[in-house]
Amino acid sequence: MENKFKLPKIELFSNLNIFLDESNSPSINFVLKEKLIKRGANIIDTIDIHKNKILNYYITTDINQDIKSIKNFNLVTPLWVDISIKTNIVQNPLFFNPDLSLFFSGINAIVVGINERDCKELYSSIETFGGQWSPTYKKGVTHIITLFNSVKIKDIDEDVKIILPHWFEDCVKLKRRIPDKIYLHPNPSLLQFGTKYINQLYTKEQALEFIEPSYPYLKDKKFYIDPDIKKSNDYEKYGPLLQKSGVTILDNKNFDQADYIILKNKNNIYNIKQTQISNIPIVTEFWLYDVLRKKRIIRPYSKLCYSFLEYLDLPKMENNIITITNYHGQARKYIIQLIYALGAKFTSNMTTENTHIICGECCGKKYEKAIEWNIEIINHIWLEESYRNRCVQALTKPLYTYYPPQLNSIVGDIYVEWNNHQHIVSLFQQGVTTTTSSSKEVNENYHESEEMSNQLSNVNNSIKSFDTNANSNIYTNNTSTSSPQIIGTLRPVEDKNDLLKTPLSKNRKSKLNDIITISSDSSLKDNNKAILIQSDNQSASSKMRKIKSLGGNFVNNINQCTHLLTKKIAKTEKFIIGISICKYIINYQWLNSSYYAGRMLDESQFPLIDKLIEKEFSFSLKKTLNSSKHKKILENRGFIITPNVSPSREVLTRIIISAGGEVYPEGTLLNSLKVTDFIISSPQDKDLWSFYSSKGFKVYNADFVLFGILRQELPIKNKLLILA
């Protein structure tokens, strides 16, 4: 009798419970789901991963600490499904781990035409960092390593990559997976073009990835985006792509309903209640732009550049003065933030005072001068490893002095276990504005940096500076490095006319927004309501918001200011008073730097440099500020001001009082004056000169006071200032 009993067909993924993470992108998940169900898998739509008892495989492109710490299921990449289907064998999940440190995960390689010694080194490296190797070609091989353009192997799958061994060598040296396009046969670009050309080509290709999506991949997602991000040039460029993605952008009133909170600066959390964000991922703008480029949700904190940095202020780092060259775009911004977080000083130009240069490729003026001046040259990985290990790393490791092409592509590609969501939330709850007063400048607008570069070229002929992004040095009238009092108000100055009139000063018109005052008023310390300055000027409004995010308050009284921020010596009432009153007179870009770094930085890195005005009026601002901190120049000096003086009696009175002087009321008798007192007049009051001269007093014009404060030396014998 014929036996008609047949064994049931067992599918490849039978009885396997699989969850598809949203980080794979909707299109990939759709294809994976179709393949898995067809081969017997059970797709789990929702699951509590912490209480899981049924899940076998979790398919994801990215991982963070929340996922990595769970051991009751297997973490694999989408490639695990494809290789399992191709070989008809469920692959070992250990070789498909999405962990960034296992950068050869998913690779199964064979070597062709390479000597035995090099083969062993390649195979050892592949195994060490999560991959597999095979002695002969078979189904499931993903890479053929060879120096030849083609290999004589039958039935090679179309998706198998024929690649140079240089790619594996570069990945091992950098401890990171780099793009492989330039290493692929036939005719690999690595062997045809120089590093500079390849890097330029990579930058262009990366920009082309920002294309309009073909479907709303962020549908049903809700983002709260920092208003400062919305006003940036990058957002203006890529914002339309966000609209096409289908995401819902929430305002300040509904931020607690967001799936993701995206901030430019972590101090911008000031308008969000901390108790409402404990379960919402808080990510950086780098995360947002990578989402737009890759067209999928990226798991928060899966890379260091997606999370906000803690201010470690590592020992031995505070004396390092670091500059950057050959890093561009978002990568450059991230590296600057990393420098701040470690406690080092950043300068966008380079001088002989720099100790380190973070170099993306070995070329350019900065690189050449670094060699000439014996400045340490390393790549950005030194900063990342110092941050991850919370300790300054030795510069002697080859990892930090290797510069293959496409170094920009791996900036931020590092996973730091302790920089997870709980850590980020705790930073916000503890308060993110430190008490350290330090100051650096990140040039957000290229034209502003270029202008500063032009100013710097005239600072000191003995100091050479290079790069279009120049930084400035600072003069302060207080050398203390302690934290300033509560940084308060900033507002645009509305002084339209220069107080000092010379042929040169008439040709240099000062813009209204050139000066910003930042003040500290002890009376505001216990007042939750800062004094806001209403302004229609968008730039001024943005600066006010930045000060507020740093913990400042706004006032509009120059006499309460601790900081005066300006592009140049303005020769206005506010600036002249600031010399006597303000603790710091610095370049206004200090504000952008502090905002970018997330804390008030050391003012000593941002001098106000205006050599043209200093030469015009024959004074040194540095010496002026150093003198004014010791003694008020007009202390114990009295002044009589005639009615028609220019600038007005009211303006001169405020200036004189701020410098420690006294202005006598109108009608004061001459016999009550001291020999150290002065008469300030104008040609319109010429009739009064003979009277004062007859009593033994010299009559000066108003420039006597203004020049005296600028130079911190009263020009008593200057005949050009004596009227009678």
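Here is what the cut-offs are and how they apply
- Residues numbered from 1 in each chain as written.
- Predicted model: local features only at pLDDT ≥ 70, side-chain atom pairs only at ≥ 80, totals over all residues.
- Heavy atoms only, no water.
- Helix = DSSP H or I, 4+ residues; strand = E, 2+ residues; numbered from the N terminus.
- Buried < 20%, exposed > 50% of the residue type's maximum accessible area, 1.4 Å probe, protein only.
- Areas by Shrake-Rupley, 256 points an atom, 1.4 Å probe, with all protein chains shown as cover.
- Salt bridge = Lys/Arg side-chain N within 4 Å of Asp/Glu carboxyl O.
- Pairing = 2+ DSSP bridges.
- Right-handed = clockwise from strand over helix to strand, strands pointing away.
- Expected span 1.5 Å × (residues − 1).
- Arc of directions from axis to C-beta.
- Axes fitted to C-alpha atoms, helices over the stretch in contact; angles between N-to-C directions.

Colleague: Provide a residue-level description of the overall build of the protein chain, including the pertinent values.
Modeller: When you go through the protein chain residue by residue, the secondary structure sums to 23 helices and 24 strands. Within the protein chain, the fraction of its 724 residues that count as buried is 56%. On the protein chain, roughly 34000 Å² of surface is accessible, and the fraction owed to carbon and sulfur atoms is 50%.

Colleague: Kindly report on the pattern of salt bridges, identifying the contributing residues and their values.
Modeller: Within this structure, the stated rule accounts for 22 salt bridges. Across the pair arginine 388 and glutamate 385 runs a salt bridge, and its minimum N-O distance is 2.8 Å. Taken together, the positions of arginine 388 and glutamate 385, both in helix α12 (residues 381–389) and three residues apart, correspond to about one turn of that helix. Salt bridges sharing common partners tie together Lys86, Lys139, Asp157 and Asp159.

Colleague: With reference to specific residues and values, describe the pairing of strand β21 (residues 638–641).
Modeller: Taking every second residue as pointing to the same face, both faces of β21 are buried, with Gly638 and Ile640 on one and Phe639 and Ile641 on the other. As judged from the two bridges shared by β21 and strand β22 (residues 662–663), these two strands associate in the parallel manner. Opposite phenylalanine 639, over in β22, you have valine 663 as the bridge partner. Following the backbone out of β21, through helix α21 (residues 649–658) and into the adjacent parallel β22, one traces a crossover that is right-handed. Relative to strand β23 (residues 678–680), β21 runs parallel, the two being bridged by three bridges. Bridging across to β23, isoleucine 641 finds its partner in isoleucine 680.

Colleague: Go over helix α6 (residues 195–208), please, and point to the residues and values.
Modeller: The first and last C-alpha atoms of α6 sit 20 Å apart over 14 residues, in line with the 20 Å expected at 1.5 Å per residue. Residues of α6 that are buried: Ile198, Asn199 and Tyr202. Projected down its long axis, α6 shows its buried positions confined to an angular sector of 100 degrees, all on one face. Exposed residues lying more than 90 degrees from the buried face of α6 are Lys196, Lys204 and Leu208.

Colleague: Now, about unusual backbone geometry: what can you tell me, with residues and values included?
Modeller: The peptide bond linking histidine 185 to proline 186 adopts the cis configuration, its omega dihedral lying at 0 degrees. By the element assignment, proline 186 lies in the loop between α5 (165–174) and α6. Despite not being glycine, lysine 175 shows a phi value in the positive range, around 60 degrees. Note that lysine 175 resides in the loop between α5 and α6. Residue class for lysine 175 comes out partly exposed when judged on its relative accessible area of 40%. Although it is not a glycine, serine 618 adopts a positive phi angle of roughly 55 degrees. Here serine 618 is to be found in the loop between α19 (611–616) and α20 (621–628). By relative accessible area, which is 54% here, serine 618 ends up exposed.

Colleague: Before we move on, could you go through the sheet that holds strand β1 (residues 17–20) and cite the residues and values that matter?
Modeller: Strand order in the open sheet formed by four strands is β2-β1-β3-β4, and the pairing between neighbours is parallel. With partners counted over all chains shown, the strands left at the sheet margins are β2 (42–44) and β4 (74–76), one partner each. Between one strand axis and the next, the sheet turns by 30 degrees as a mean value, whatever way the strands run.

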